[in-house]
Each structure stands twice: as C-alpha cells, then as structure tokens.
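Analysis of the macromolecular model
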Amino acid sequence: MEKTKSRRALRMPRVNASADALDRLERTTVMDRPIRGLAKAVRQKIGPGRLRDLLHGVPFGHPLHPPLATASIGCFLATALLDATGADPRAARTVLLAGVAASVPTAAAGITDWSTLHREQQRVGFVHGLTNLAGFGLFASSLVARLAGRAKAGRMLGLAGLCAASAGAYLGGHLAFRQAAGANHAESVAHLVPLGWHDLCALKDLPDGRPVSRRLGYIDLFVLRQGDDVTVLADHCAHLAGPLHQGRITVEDDDACVVCPWHGSVFRLSDGSVVHGPATARQPAFHTRTRRDGTVQVRPAT
Ligand code: FES
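How each quantity is defined
Residues numbered from 1 in each chain as written. Predicted model: local features only at pLDDT ≥ 70, side-chain atom pairs only at ≥ 80, totals over all residues. Heavy atoms only, no water. Pairing = 2+ DSSP bridges. Helix = DSSP H or I, 4+ residues; strand = E, 2+ residues; numbered from the N terminus. Domains from an automatic or database assignment. Contact = heavy atoms within 4.5 Å. Buried area = accessible area lost by both parts, 1.4 Å probe. Polar contact = N/O pair within 3.5 Å; in protein donor to acceptor, adjacent residues only side chain to side chain.

Concerning the pairing of strand 5 (residues 248-252)
- Here strand 5 pairs with strand 6 (residues 255-259) via 5 bridges, running antiparallel. Residue pairing across strands places R248 opposite V259, the latter belonging to strand 6.
- Where strand 5 folds back on strand 6, the antiparallel hairpin that results is connected by 2 residues, among which D253 adopts a positive phi of roughly 50°.

Here we look at the domain arrangement of the protein chain
- Here the protein chain is described as being made up of domain 1 (12-178) and domain 2 (189-300).
- Summarising the inter-unit geometry, the C-alpha centres of domain 1 and domain 2 are found 37 Å apart.
- The interface is formed by 11 residues belonging to domain 1 together with 12 residues belonging to domain 2.
- Both faces combined, the contact of domain 1 with domain 2 buries some 830 Å², and carbon together with sulfur accounts for 57% of it.
- On the domain 1 side of the contact with domain 2, V58, T116 and H118 bury the most area, a combined 49% of that side's loss.

Structural notes on the environment of D220
- Following the sequence through the fold, D220 ends up in strand 3 (residues 219-226).
- In this structure, the C-alpha to C-alpha distance between D220 and L233, residues 13 residues apart in sequence, is 9.0 Å.
- Those residues in contact with D220, other than ones at most four positions away along the chain, are S213, R214, R215, A234, D235 and H236.
- Of note is the side chain of D220, whose polar atom sits 2.9 Å from the side chain of R215.
- A distance of 3.4 Å separates the side chain of D220 from the side chain of H236, its partner in a polar contact.

Right, dumping it as structure tokens:
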C-alpha cells in the first residue's frame with residue numbers, strides 16, 4: 001500500500017519547475033569567471049564611502065534597489081497600458097522616458113548590492129542583470145523609434161521590453177524571497193530571545209579585548225569584554241549572516257565598531273546601528289550586567 005502511494009507521488013506533475021530551474025542555475029559554474037571579474041570591478045569602482053552606502057540603501061534602512069526597480073517597471077507597464085488604450089502618444093513617450101531614466105540608478109543600486117552577495121546568489125543575479133539589460137535596450141530602442149515617428153515599431157519594442165523585464169522581475173523575486181538577498185538576516189533574533197535578563201557566562205571566562213562567540217538558547221552572540229565592560233550583539237551579521245566575532249574592532253567617528261569579516265559592514269558596538277553597508281538593518285544589541293558572583297547577564301535592547 002505504502003509502495004503504491006510513493007509511486008503515485010513520484011508521478012505527480014512538477015508544479016514548481018521554473019523554481020527548480022533556478023535552483024539549478026544557482027549551482028551552475030559556467031559563468032563564474034565573468035561573475036568574479038565583474039563583482040571585483042564593481043567593488044573597486046564603487047569603493048567604500050557615501051556613494052556605496054547610498055546605493056546599498058544604508059540611509060533608508062533597507063536596500064534601495066527594490067523601490068527603484070518598482071518605479072522603473074511601473075513606468076514601463078504604464079507605457080504598455082497607454083499604448084493599448086490608444087492614449088496620447090506623448091503621454092506614453094513621457095512615461096517611457098521616465099522609466100528609462102529611472103533604470104540607470106536602479107541598475108547602479110542593483111549591481112552594487114550584487115557585488116557583495118554569495119556566489120549562488122550572484123549566479124542568479126547575473127542572469128537577472130543580463131535580462132534587465134536586454135529589457136533596457138528594448139525600452140531605449142522603443143523610445144528612439146517613437147521619437148523618430150515609428151510608432152508601431154516603438155510599441156512592439158516596448159512590449160518585447162516588458163517581456164524581458166518580467167523575466168528579470170521573476171529572477172529578482174527568486175533572489176529576494178528564495179535566496180534572501182537583501183533580507184535582514186538578524187531579524188529572527190528578536191523572536192528567539194525572551195525579554196528579561198538571561199545568564200550568559202562567567203566574566204572571567206571571557207578574553208579581554210578580543211571578541212568571542214557565545215551561545216544563548218538558539219542564537220549565537222558576539223561578546224566583547226573590555227575590562228569590566230561587556231558588549232553584546234547578535235553574532236550573525238544582518239547582511240548575510242557572517243560571523244561578527246571574527247571581525248575587526250575599529251573606531252568610526254569616535255565610536256567603537258565591529259567590521260564584518262565577510263563583506264565589510266560596519267556596526268556600532270553601542271547599539272548595533274549601521275555605519276557602513278552593505279548591511280542596511282541594525283544589528284540586534286543587548287544590554288549587559290555582571291552579577292556579584294561574576295555571571296554576565298544579557299537582555300535584548302528593545
Ligand atoms: S555578511 Fe556581508 S557584511 Fe556581514
């Protein structure tokens with residue numbers, strides 16, 4: 001009976017074949033050489049600093065690329081609707097121009113984020129970028145055709161661009177929701193540590209001046225002892241869960257900070273706030289106190 005059931009299950013049609021294809025794309029190594037070269041070039045061209053932080057979305061507290069992409073795609077979709085309803089061609093041209101213009105910062109923000117992803121994410125992101133580049137070329141050609149008075153060709157090119165942009169959006173959805181690129185990888189901490197004080201470890205067991213990792217229930221903590229002061233943050237970086245306790249301690253604007261060893265995000269030790277990306281979300285921080293018997297206790301900083 002059990003055998004028949006499992007055979008039937010094996011014959012079930014695959015309803016998520018496209019997601020499976022993208023899972024295979026994540027493991028495909030043929031594009032790795034250009035990916036490596038491009039990612040390195042982007043990191044060198046857009047070096048650490050205000051522009052890079054802005055493109056990551058650090059001042060906004062979440063990645064900048066998704067809202068910009070929504071604006072661009074919205075303009076392209078509106079162009080197609082204006083075309084389909086026979087509206088004034090000048091309106092379609094204006095909206096299309098806005099979409100093409102918005103694509104430039106959208107691409108800049110996207111490629112900056114992409115340059116600091118895991119390789120599996122970069123493989124999907126690379127195809128996402130190529131698809132959107134094709135879409136951009138088609139929309140720009142559509143605009144040129146419309147300005148040259150070739151309205152029908154302009155409409156056809158716009159429709160082709162919309163197909164390419166839709167494929168790009170699907171790949172972007174896979175990156176964001178299946179591969180968690182751009183998501184806050186420390187968000188679950190608030191749900192895994194109950195409010196109130198918790199015993200962590202003995203103060204004497206912590207090395208002075210060197211960060212270490214300590215376990216509290218289900219989560220790992222970054223713990224730095226400096227004399228009698230103990231600083232505690234969630235250990236898994238908000239960007240892609242890198243181990244902060246392996247990072248470097250530095251000073252930025254008179255604030256002690258930790259630099260993530262994976263992609264260089266910088267967090268203030270005092271409250272976990274982001275000084276530099278690619279992380280855009282604050283690193284969960286903890287209040288600490290030491291009991292008379294030398295036990296360090298922690299409490300989530302709400
Ligand atoms: S994991 Fe990427 S900066 Fe920390």
